[in-house]
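# Observations on chain architecture
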Amino acid sequence: MNVERQINHWIASSNEDMEIAEVLFKEKREIHCLFFCHLALEKMIKASVTKVLQKTPPHIHSLISLSGKANIDLDESTKDFFTAMNNYQLEGRYHGEGYKRPGMQKTTLYFNLTKEKIEWLKKKLLN
């Protein structure tokens, strides 16, 4: 496996997912926007996992677990945010009983936080 090529793949795919999240955000498609935000975060973290492990990351979706595998230290607010975002990867796949739309206020907050965390993760990855 070419590690550098894999890392670049994860970064490019994360960027694509954020572009889709932005379109969905503008269309007020809350749950779908946040699903793609989660995907973008997941893939950016998987780029770091690839760098650290020098192999393909595991097929898991938990942002917290993946961050641990990438040796990314998370402060409490980032842990809380990643935990919240993990819910949207599940809701995006399976609308469970008691499903509620997050609303545009929460979607806006999480969309903007996702953009900030993506940049933070890129900076950590490239250092």
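Before reading further, recall that the structure is shown in the block above.
Counting of residues starts from 1 at the beginning of each chain's written sequence and follows it residue by residue. In keeping with the model being predicted, local features are shown solely for residues with a pLDDT of at least 70 and side-chain atom pairs are shown and tallied solely at 80 or more, while totals for entire chains, interfaces and linings include all residues. Here the side-chain values reflect all heavy atoms present in the structure, with hydrogen atoms and water set aside.

### Quick word on the nonpolar core
Cys-37, Leu-41, Ile-45, Phe-82 and Met-85 are the most contacted members of the largest nonpolar core, which has 33 residues in total. Segments assigned H or I by DSSP are reported as helices when at least four residues long, segments assigned E as strands when at least two residues long, and all are numbered from the N terminus. For this core, the secondary structure elements donating two or more residues are helix 1 (3-26), helix 2 (30-53), helix 3 (63-69), helix 4 (76-93) and helix 5 (103-126). With 10 residues, helix 2 is the single largest residue contributor to this core. The contact rule is simple, with two residues in contact once any of their heavy atoms fall within 4.5 Å. What Phe-82 contacts, discounting residues up to four positions off in sequence, is Leu-41, Ile-45, Leu-63, Ile-64, Ser-67, Leu-74, Lys-117 and Leu-121. Here, nonpolar core means buried Ala, Val, Leu, Ile, Met, Phe, Trp, Tyr and Cys residues that are tied together by side-chain atoms lying within 4.5 Å of each other. Throughout, exposure labels follow a simple rule: accessible area from a 1.4 Å probe, protein chains only, divided by the maximum for the residue type, with under 20% read as buried, over 50% as exposed, and the rest as partly exposed.

### Structural notes on helix 5
Expected helix span is given by 1.5 Å per residue-to-residue step, counting one fewer step than there are residues. Between its first and last C-alpha, helix 5 extends 34 Å over 24 residues, near the 34 Å set by a 1.5 Å rise per residue. Here helix 5 has its buried residues at Thr-107, Tyr-110, Phe-111, Thr-114, Lys-117, Ile-118, Leu-121, Lys-122 and Leu-125.

### Section: the pattern of salt bridges
Salt bridges are counted wherever a side-chain nitrogen of Lys or Arg sits within 4 Å of a carboxyl oxygen of Asp or Glu. Considering all chains together, one arrives at 5 salt bridges under this definition. Where Glu-42 meets Lys-46, a salt bridge forms, and the shortest distance between an N and an O atom there is 3.0 Å. Within this pair, Glu-42 and its partner Lys-46 are both found in helix 2, separated by 4 residues, close to a single helical turn. We classify Glu-42 as buried; its relative accessible area is 4%. The closest approach of N and O atoms between Glu-76 and Lys-79, which form a salt bridge, is 3.5 Å. Of this pair, Glu-76 and Lys-79 both sit in helix 4, 3 residues apart, which is roughly one turn of the helix. The exposure class of Lys-79 is partly exposed, given its relative accessible area of 34%.

Shape descriptors only; they carry no functional weight alone.
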